[in-house]
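# Overview (structure and organization)
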Amino acid sequence: MTNHKPQDLSPTTLADEDEDSSPACVLVFNASDPSGAGGLAADVSAIASVGAHALPVVTGAYIRDTAEIFEHIAFDEEAVTEQARTILEDIQVQVIKVGFVGSPENLSAIAEIASDYADVPLVAYMPNLSWWDEGQIDLYLDAFRELLLPQTTVLVGNHSTLWRWLLPDWSGDESPGARDIARAAAAMGVTYTLVTGIPLPEQFIDNVLASPQAVLGGEKFERFEATFCGAGDTLAAALAALIASGSDLAAATSEALSYLDRCLDGGFRPGMGNVLPDRLFWAQPEADADDVTEAETGDLQGFAMPPHETKH
């Protein structure tokens, strides 16, 4: 099966449109995150920020705030499948991005869909699952390894997370490098691995794109003092969107990492927990935009929003 192009809705409208001017489309599987830190909220805003269009498939929902995840409720696999296949019959996608999908059953459903669209690159992100029940973690990681990794074009994950998952018996004197992790991922079918958060001396971290044969690129950044939430989903979504838009993998990786660095640099704390990436940093007003004279705002005085009152 191959992707289907959208049907012509009108010979006088769509026939004259330039398809090349439309943004690339990224099919995203992820959970809803009410804090806006990660999940589909991160995917949609990051993908839009770098110029592509997200097709979000809800796989479940987190019960969380900005400090921690308390629980996750997974959708059943039929609901996930129906969402994805319905939109795939309508829109041609350039990349598939997979985040946390909540259950081995959902992973199986997504793997089956991906196999039907084998010509579409797949970017998979593996988050830190330490908040979850240990038995559920093991089942999820086993299913991800067996079902999704063989179809993954680029695997994205933190150095510590990927090390403990893919190289649990590592016995070297030093921690494994990006190529070591890429080799372990490649043994399960992954073509490229983007390893983030590799500790370096003097408060720097490295982010490295690697294959089993070579280090293909990366960026070093100074470590932020704040604790962030949602950085991994942001990076993986931006990378998927840039690949979908036609960038080669090395350029897309460099640009996605630079975008994440700007998001973290503009990070904000909306609640009492962790700092969130500002994925729309470019939309913030300039510093001098607040210097508006009273005369310019005088006509708008007296339009304060009233309090909400429930009426029956």
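Everything quoted here is computed from the prediction, not taken from an experiment.

The rules behind each value
- Residues numbered from 1 in each chain as written.
- Predicted model: local features only at pLDDT ≥ 70, side-chain atom pairs only at ≥ 80, totals over all residues.
- Heavy atoms only, no water.
- Helix = DSSP H or I, 4+ residues; strand = E, 2+ residues; numbered from the N terminus.
- Contact = heavy atoms within 4.5 Å.
- Expected span 1.5 Å × (residues − 1).
- Buried < 20%, exposed > 50% of the residue type's maximum accessible area, 1.4 Å probe, protein only.
- Arc of directions from axis to C-beta.
- Polar contact = N/O pair within 3.5 Å; in protein donor to acceptor, adjacent residues only side chain to side chain.
- Axes fitted to C-alpha atoms, helices over the stretch in contact; angles between N-to-C directions.
- Parallel < 35°, antiparallel > 145°, perpendicular 65-115°, else oblique.
- Left-handed = near helix turned anticlockwise from the far one by under 90°.
- Nonpolar A, V, L, I, M, F, W, Y, C, P; charged D, E, K, R; others polar.
- pLDDT = per-residue confidence, 0-100.
- Pairing = 2+ DSSP bridges.
- Right-handed = clockwise from strand over helix to strand, strands pointing away.
- Phe/Tyr/Trp six-rings, centres within 6.5 Å; stacked < 30°, edge-to-face > 60°.

### Quick word on the environment of Cys263
Considering the arrangement of structural elements, one finds Cys263 in helix H8 (residues 249-265). For Cys263, the contacting residues outside a window of four places in its chain are Thr234, Pro277, Asp278, Arg279 and Phe281.

### Thoughts on H8
When the terminal C-alpha atoms of H8 are compared, their 24 Å separation across 17 residues agrees well with the 24 Å that a helix rising 1.5 Å per residue should span. Those residues of H8 that sit buried are Leu249, Ala252, Thr253, Ala256, Leu257, Tyr259, Leu260, Cys263 and Leu264. The arc that holds the buried residues of H8, viewed along the axis, is 160°, so those residues lie on one side. You can read the cap of H8 off the contacts: a side-chain oxygen lies 3.1 Å from the backbone nitrogen of Ala250, and it is on Asp248.

### Considering unusual backbone geometry
Excluding glycine, residues mostly have negative phi values, and the peptide bonds linking residues are mostly trans. Although it is not a glycine, Glu202 adopts a positive phi angle of roughly 60°. According to the relative accessible area criterion, Glu202 is exposed, its value standing at 70%.

### So, the packing of helix H5 (residues 159-166) against helix H6 (residues 178-186)
Where H5 meets H6, the closest approach of the two axes is 10 Å, and the angle between their N-to-C directions is 45°. Between H5 and H6, the crossing angle belongs to the class labelled oblique. Viewed along their axes, H5 and H6 form a crossing whose handedness is left-handed. In contact with His159, Leu162, Trp163 and Leu166 of H5, H6 contributes Ile181, Ala184 and Ala185. In the contact of H5 with H6, the residues fall into 6 nonpolar, 1 polar and no charged.

### Points about the confidence of the model for the protein chain
Per-residue confidence for the protein chain averages 87 on the pLDDT scale, and 85% of its residues sit at or above 70. Low pLDDT (under 50) marks residues 1-17, which in the prediction has 25 contacts with non-local residues, meaning those over four places away or in another chain.

### Comments concerning the packing of helix H1 (residues 39-49) against helix H7 (residues 231-244)
Across the interface, H1 lies against H7 with an axial gap of 8 Å and an inter-helix angle of 40°. What the angle tells us is that H1 and H7 run oblique. The way H1 lies across H7 gives a crossing that is right-handed. Between H1 and H7, the contacting residues are Gly39, Ala42, Asp43, Ala46 and Ile47 on the first element and Asp233, Thr234, Ala237, Ala238 and Ala241 on the second. Among the residues forming the contact of H1 with H7, the class breakdown is 6 nonpolar, 2 polar and 2 charged.

### What to know about the pairing of strand S6 (residues 154-158)
Most of S6 sits inside the fold, with 4 of its 5 residues counted as buried. With 4 bridges connecting them, strand S5 (residues 122-126) and S6 associate as parallel partners. Looking at S6, one finds that Tyr125 is bridged to Val156. Crossover S5 to S6 through helix H4 (residues 134-148) is right-handed. As defined by bridge partners, S6 adjoins strand S7 (residues 192-200) across 5 bridges and the pair is classed as parallel. Note on S7: the bridge partner recorded for Gly157 is Val195.

### A word on the packing of aromatic side chains
Applying the stated criterion to the full structure yields 10 aromatic pairs. Geometrically, the ring pair formed by Phe100 and Trp132 is edge-to-face, given 5.1 Å between the ring centres and 85° between the ring planes. Of the two residues, Phe100 sits in the loop between strand S4 (95-98) and helix H3 (104-116) while Trp132 sits in the loop between S5 and H4, which places them 32 residues apart along the sequence. Judged on exposure class, the residue Phe100 and its partner Trp132 are both buried. Ring geometry for Tyr259 against Phe281: centres 5.8 Å apart, planes inclined by 45°, an arrangement best described as tilted. Placement of Tyr259 in helix H8 and of Phe281 in the loop between H8 and helix H9 (294-297) is noted, with a sequence separation of 22 residues between them. Taking relative accessible area as the criterion, Tyr259 reaches 7% and is therefore assigned buried. Taking relative accessible area as the criterion, Phe281 reaches 17% and is therefore assigned buried.

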